[in-house]
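Geometric and topological summary
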Amino acid sequence: MKKLNLAIIGIGHWGKNLVREFSDEANVVAYYNRQKESDRVLMQEQYPSIHRAELVQAILARTDIEAVVIATPIATHYELVRDSLRAGKHVFCEKPLCETSTQARELIALAQEHKRTLFVGYTFCYHPIFQKLRDLLKDDPVRYGNFHWQKTGSFRERIEPNLLSHEVSLILGLIGEPRDLRQVHTFGFPTPRDIVALNFSFGDNNQGHIFINRLANIKYKAVTLATAKHIYQWENDRLLRYDPTREKFETIVESDEQPLTRECAAFIRSILDGIPPLTDGAFATHIIELTESIEAHRVPH
C-alpha cells in the first residue's frame, strides 16, 4: 500500500504524539518547530531520519511532500492552513481550524479550489466508543445529554476554542444541532474562564448541559445520554448502560484503542481512498460558528 509523504509543523506536547502516530501511517519526511531546543533534541534522538526544516516555506516548497500536519498555537492556524492549501498540500489541522468562521469559510473554499483534503483534529470523534454510541442511538434518539470534563490546564488558549469545542463536536456527532447554547456560569483563576457551565436545548424541547473544569486535580471525562429506552454513560475509555432491574450501571464496551491512532488513519484514508472525513472543514466551521455565538453571549466572569 502506498504511503504518503508528509511533514509536521509544530512539535510541542501534542505534536510529538502526532509524529509517533503518523510515523506508523505515513512517511514523515520533515518537520518544523520554533519552540524549545529540547523538542529538537528529542526529535534528533528519536527520529533522526526526519529532516528539520529551518522555515515553513521550505516544507511547502517541497514537491515530494503531499500532506502537512499542523499542531501549533491557534492564532497561527489560519495562515499555515491557507499557505499549505495554496501550495497544493492536503492538510490535517489540530482543532480549532482557525480563529473565526469567516477565516474557516475561506479555507474551505481554498481546499475545494485546489481539490485537497481539509481535516480537523477533533480526537474524541474518533474514539471507538463514540462510534459505538452513534450505532446505538440510530433508532433510539437522545432525550437528555450531560457532558462533563475535568482536567488540569492547559491555560495557554481560551477555554472555548480549546476545550469547549470538543464538547460541541460530540453534541453534533451524537445528538444533533444544539439550540440556545449559552454559558450560565463561569469562574477564572489563572485566566478569565477556567470553569464553565452551559445549557442547551435540542430536538423536541430536550435539554442538555455542559460542565468543564480545567482547574481539577483529576482527569475525568463523562458523557451521559438518556433515551426513551436506556441511559448510557461514556466514562473515559468505557461505555456503561444503566440496568434498572439491578439499579446499577454495567460496562458494555471497554476500549484501549487510542482515538488519535484512528484519527490519523482516517486522515490518510481520506486522501488515498477519497473517503470524506467526519471532521472536515464544514464540520469544523460549524463548531467555530457555535463557539462564536457562545462567546458573544457569555456571562460576565
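Our structure's up above, just so we're on the same page.
Report on the accompanying structure. All figures in this text were calculated on a predicted structure; none of them were measured in a lab.

A look at the packing of aromatic side chains
- Enumeration over the complete set of coordinates arrives at eleven aromatic pairs.
- Ring geometry for Phe 92 against Phe 267: centres 5.5 Å apart, planes inclined by 75 degrees, an arrangement best described as edge-to-face. Of this pair, Phe 92 sits in strand 5 (residues 90-94) while Phe 267 sits in helix 8 (residues 259-272), and the two are 175 residues apart along the sequence. Each member of the pair, Phe 92 as well as Phe 267, carries the same accessibility label: buried.
- Summarising the aromatic geometry, the rings of Tyr 122 and Phe 283 are spaced 6.1 Å apart at their centres and angled 80 degrees between planes, so their arrangement reads as edge-to-face. In this pair, Tyr 122 sits in the loop between strand 6 (118-121) and helix 6 (128-137) while Phe 283 sits in helix 9 (residues 281-296), placing the two residues 161 residues apart along the sequence. As far as burial versus exposure is concerned, Tyr 122 and Phe 283 are alike and both buried.
- By the ring-pair criterion, three or more aromatic residues cluster together here, those being Phe 22, Phe 92, Phe 119, Tyr 126 and Phe 267.
- In this arrangement the basic side chain of Lys 221 is found over the ring face of Phe 124, its NZ or CZ atom lying 4.6 Å from the centre.
- The ring of Trp 149 is capped by Lys 221, whose NZ or CZ atom sits 4.1 Å from the centre of that ring.

So, the environment of Phe 267
- Classification of Phe 267 by relative accessible area gives buried; the value is 0%.
- Each C-alpha atom, one on Phe 267 and one on Asp 64, is 18 Å from the other, the two residues being 203 residues apart in sequence.
- Apart from residues no more than four positions distant in its own chain, Phe 267 is found in contact with Phe 22, Ala 67, His 90, Val 91, Phe 92, Thr 117 and Phe 119.

Some words on the sheet that holds strand 6
- Read from one edge to the other, the open sheet built from six strands follows the order 3-2-1-4-5-6, with strand pairing classed as parallel. Edge positions in the sheet fall to strand 3 (51-52) and strand 6, since each has one partner strand and no second.
- Sheet topology places strand 2 (residues 27-32) next to strand 3; two bridges connect them, and they run parallel. Following the sheet pairing, Ala 30 is matched in strand 3 by His 51.
- Relative to strand 5, helix 4 (residues 74-86) is tilted by about 170 degrees, and along the sheet it contacts strand 1 (5-9), strand 4 (67-70), strand 5 and strand 6.

Points about the state of the cysteines
- Scanning all chains against the criterion turns up zero disulfides.
- Among the cysteines around Cys 93, which has no disulfide bond, Cys 98 carries the closest sulfur, lying 7.8 Å off.
- Under the relative-accessibility criterion, Cys 98 is labelled buried at 2%.

Looking at the sheet that holds strand 8 (residues 179-187)
- Spatially, eight strands are ordered 8-9-10-7-11-12-13-14 in an open sheet, and the strand pairing comes out mixed. Single-partner strands in this sheet number two, and they are strand 8 and strand 14 (248-254). Between one strand and the next, the sheet's axes are offset by a mean angle of 20 degrees, whatever the strand orientation.
- In this sheet, strand 12 (residues 231-235) lies alongside strand 11 (residues 215-227) in antiparallel orientation, the contact comprising five bridges.

Some words on the packing of helix 4 against helix 5 (residues 101-114)
- Put simply, helix 4 and helix 5 touch, their axes get as near as 9 Å, and they point 15 degrees apart. Looking at the two axes, helix 4 sits roughly parallel to helix 5. Regarding helix 4 and helix 5, the two cross each other, and that crossing is left-handed. Contact residues: helix 4 offers Tyr 78, Val 81, Arg 82, Leu 85 and Arg 86, while helix 5 offers Gln 103, Glu 106, Leu 107, Leu 110, Ala 111 and His 114.
- When its residues are assigned to classes, the contact of helix 4 with helix 5 shows six nonpolar, two polar and three charged.

What counts and what doesn't
Residues numbered from 1 in each chain as written. Predicted model: local features only at pLDDT ≥ 70, side-chain atom pairs only at ≥ 80, totals over all residues. Heavy atoms only, no water. Phe/Tyr/Trp six-rings, centres within 6.5 Å; stacked < 30°, edge-to-face > 60°. Helix = DSSP H or I, 4+ residues; strand = E, 2+ residues; numbered from the N terminus. Buried < 20%, exposed > 50% of the residue type's maximum accessible area, 1.4 Å probe, protein only. Lys NZ or Arg CZ within 6 Å of the ring centre and 35° of its normal. Contact = heavy atoms within 4.5 Å. Pairing = 2+ DSSP bridges. Axes fitted to C-alpha atoms, helices over the stretch in contact; angles between N-to-C directions. Disulfide = S-S within 2.5 Å. Parallel < 35°, antiparallel > 145°, perpendicular 65-115°, else oblique. Left-handed = near helix turned anticlockwise from the far one by under 90°. Nonpolar A, V, L, I, M, F, W, Y, C, P; charged D, E, K, R; others polar.

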